[in-house]
Amino acid sequence: MPGDVLPMWVADMDFRSPPAVTEAIIKAGQHGIFGYSKSRADYFEAVYNWFDRRFRWKTEQAWLVKTPGVVFAAAAAIRALTEPGDGVLIQPPVYYPFSRLVNANQRRLVNNPLIYEKGSYRIDFEDFEAKIIENKAKLYILCNPHNPVSRVWTREELIRLGDICVRHGVTIVSDEIHCDFIYPGHHHHVFASLKDEFLDHTITCTAPSKTFNLAGLQAANIFIANKDMRKEYQEEIKRTGYSQINMAAAAACQAAYSCGSDWLDELILYLDESIAYVKNFLADEIPQIQLTEPQGTYLIWLDFNKFGLSEEEREDIILNKAKLWLNKGTMFGVEGRGFERMNIACPRAVLKKALTQLAEAFRGQDGIV
Ligand SMILES: Cc1ncc(COP(=O)(O)O)c(C=O)c1O
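About the thresholds
Residues numbered from 1 in each chain as written. Predicted model: local features only at pLDDT ≥ 70, side-chain atom pairs only at ≥ 80, totals over all residues. Helix = DSSP H or I, 4+ residues; strand = E, 2+ residues; numbered from the N terminus. Rg over C-alpha atoms; globule rule 2.2 N^0.38 Å. Contact = placed C-beta atoms within 7 Å. Pairing = 2+ DSSP bridges. Axes fitted to C-alpha atoms, helices over the stretch in contact; angles between N-to-C directions. Parallel < 35°, antiparallel > 145°, perpendicular 65-115°, else oblique. Left-handed = near helix turned anticlockwise from the far one by under 90°. Nonpolar A, V, L, I, M, F, W, Y, C, P; charged D, E, K, R; others polar. Buried ≥ 20, exposed ≤ 12 C-beta atoms within 10 Å, placed from the backbone. Right-handed = clockwise from strand over helix to strand, strands pointing away. Expected span 1.5 Å × (residues − 1). Near = placed C-beta within 6 Å. Core = buried A, V, L, I, M, F, W, Y, C linked by C-beta atoms within 7 Å. Domains from an automatic or database assignment.

**Quick word on the overall build of the protein**
Right, so step 1: Within the protein, the regular secondary structure consists of 13 helices and 15 strands.
Right, so step 2: What you see for the protein is a C-alpha radius of gyration of 21 Å, in line with the 21 Å of a compact globule of 369 residues.
Right, so step 3: Projected onto its principal axes, the C-alpha positions of the protein cover 60 × 55 × 35 Å.
Right, so step 4: Once local pairs closer than 6 in sequence are excluded, the contacts in the protein between residues at least 24 apart make up 75%.

**Let's talk about the sheet that holds strand β7 (residues 139-143)**
Right, so step 1: The strand order across the open sheet formed by 7 strands is β2-β10-β9-β8-β7-β3-β4, and the pairing between neighbours is mixed. Edge positions in the sheet fall to β2 (64-67) and β4 (108-111), since each of these pairs with one other strand and no more. Between one strand axis and the next, the sheet turns through 25 degrees on average, direction left out of account.
Right, so step 2: In the sheet, strand β9 (residues 202-206) pairs with strand β10 (residues 220-224) via 4 bridges, with the strands oriented antiparallel. Within the sheet, the bridge partner assigned to Thr-206 lies in β10 and is Asn-221.
Right, so step 3: The strands that helix α3 (residues 70-81) touches are β2, β3 (87-90), β7, β8 (171-175), β9 and β10; relative to β8, the one it contacts most, it runs at about 175 degrees.
Right, so step 4: Helix α9 (residues 227-240) rests against β2, β9 and β10 of the sheet, and its axis sits at about 20 degrees to β2.

**Focus: the packing of helix α11 (residues 261-285) against helix α13 (residues 348-362)**
Working note: a packed helix pair is described by the angle between its axes plus the distance between those axes.
Right, so step 1: It is the contact of α11 with α13, at a shortest axis distance of 11 Å, that shows an interaxial angle of 20 degrees. Comparing their axes, α13 and α11 come out roughly parallel. Along this stretch, α11 crosses α13, giving a crossing that reads as right-handed. Of the residues in α13, those in contact with Ser-274, Tyr-277, Val-278, Phe-281 and Glu-285 of α11 are Arg-348, Leu-351, Leu-355 and Ala-359.
Right, so step 2: Here the residues of the contact of α11 with α13 are counted per class, giving 6 nonpolar, 1 polar and 2 charged.

**So, the pairing of β9**
Right, so step 1: Across the 5 residues of β9, 5 count as buried, placing the element largely inside the fold.
Right, so step 2: Of the pairings in the sheet, the one linking β8 to β9 comprises 4 bridges and is parallel in character. Following the sheet pairing, Ser-174 is matched in β9 by Thr-204.
Right, so step 3: The handedness of the β8 to β9 crossover, carried by helix α7 (residues 196-201), is right-handed.

**Quick notes on the packing of α3 against helix α4 (residues 97-104)**
Right, so step 1: The contact between α3 and α4 brings their axes to 10 Å, and the two run at 35 degrees. α4 is crossed by α3, and the crossing has right-handed handedness. Facing Val-71, Ala-74, Ala-75 and Ile-78 of α3, the residues of α4 in contact are Pro-97, Phe-98, Leu-101 and Val-102.
Right, so step 2: Counted by class, the contact of α3 with α4 contains 8 nonpolar, no polar and no charged residues.

**A word on helix α10 (residues 247-259)**
Right, so step 1: The terminal C-alpha atoms of α10, which comprises 13 residues, lie 18 Å apart, in line with the 18 Å expected from a rise of 1.5 Å per residue.
Right, so step 2: Burial of α10 is extensive: 11 of the 13 residues sit out of reach of the surface.
Right, so step 3: Taken as a whole, α10 has its buried residues at Met-247, Ala-248, Ala-249, Ala-250, Ala-251, Ala-252, Cys-253, Gln-254, Ala-255, Ala-256 and Tyr-257.
Right, so step 4: Taken together, the buried residues of α10 touch α1 (19-31), α2 (43-55) and α8 (209-212).

**What about the site of the ligand?**
Right, so step 1: Residues in close proximity to the ligand total 14 residues, the closest being Ala-11, Gly-69, Val-70, Val-71 and Asn-147.
Right, so step 2: Considering every element that reaches the shell around the ligand, the biggest residue donor is α3, with 3 residues.
Right, so step 3: Taken together, the residues of the shell around the ligand break down into 10 nonpolar, 3 polar and 1 charged.

**Overview of the nonpolar core**
Right, so step 1: Ranked by internal contacts, the top residues of the largest apolar core, which has 71 residues, are Ala-74, Ala-77, Ile-141 and Ala-252.
Right, so step 2: At 10 residues, the largest contribution of residues to this core is made by α10.
Right, so step 3: Among residues more than four places away in sequence, those in contact with Ala-74 are Phe-98, Leu-101, Ile-141, Val-173, Asp-175 and Cys-205.
Right, so step 4: Judged by nonpolar contacts, the second largest core, of 31 residues, contains Val-149, Leu-326, Phe-339 and Leu-358.

**Observations concerning the domain arrangement of the protein**
Right, so step 1: Assigned domains of the protein: these are domain 1 (6-15 + 262-362) and domain 2 (19-260).
Right, so step 2: A C-alpha centroid distance of 25 Å is found between domain 1 and domain 2.
Right, so step 3: Taken together, the contacts link 28 residues of domain 1 with 29 residues of domain 2.
Right, so step 4: Every element with two or more residues in the side of domain 1 that touches domain 2 is listed here: α11 and β12 (299-303).
Right, so step 5: Ranked by residue count, the leading element in the side of domain 1 that touches domain 2 is α11, at 6 residues.
Right, so step 6: When grouped by side-chain class, the residues that make up the side of domain 1 that touches domain 2 number 15 nonpolar, 8 polar and 5 charged.

If you want it as structure tokens, here you go:
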């Protein structure tokens, strides 16, 4: 990518991690001996407290399986709990590795597209159940909050989904990696916390990586309460050859969850103001671009359909005129046609520059004066 193009695509932030994280990594580094390591005895306490304090979800140490990431964890779930040819359901437009993992593992992709209406997304529950029955789907990958449409699913929506899954014996992989980015007026519900039957059917995927900008450290905390399911899952992890968390990642995760609460609260305020800035900017400068109401995550989902451009034409303007690197909507499924995903976890000045470049590039296109 040319050096003058602003990268606003991959889902990590331009912000430094909390100082306590850097200090923990430096301390681990100063030890100077980097042999095979376990996380500290009080690692779980930090993870437990985070989910208890922020989401009122009480986990147990026995449920925890550590993996090098959430994508790795979802792949392991697909392999552990389904057979080649089995149906795995996803809700596009959705985080693109989901469909890739299903296809790469020779499972059958079952799509339950979200419904886009008046600038927001909702679930097609009738289609959800029909697709499960028709395809005898074994596994459902839930994305909550949803990347890229930034919906935070409500308690009622999650219960409706969960009841359908339980009724048909479908296991849920609940990817909650974005759970810490929730904007005022919305509330994250840990899916497995809503009913005992849900807990029994669910693999809950969490990680400190989005929240504290630690993606490069490669660590995730996966919770599986159902003992038999956990055993099968752990067997699959063993087959991959993975055995223990990276020592620097463990130190960083523990420090982040122990000391990062105030840092995160400040970050959410900043991002919420950035969203307000985007809304005002688009309304004043390029009202043809419709912002999907952001409820969670730091990824915004922009509808460019009013311009009537082909994907190639739009991409050309974004890259060569606006000088921005975004994610084109069709990466997330054909349902993303005409959309772009933009990462706003950057200083406001960068966001301002990016939006100004976007407005200038699209000025002169149909409908823009
Ligand atoms: C929904 C979702 N799941 C998983 C990931 C990546 O997780 P990991 O880096 O732990 O594999 C991302 C990153 O963007 C994501 O948006």
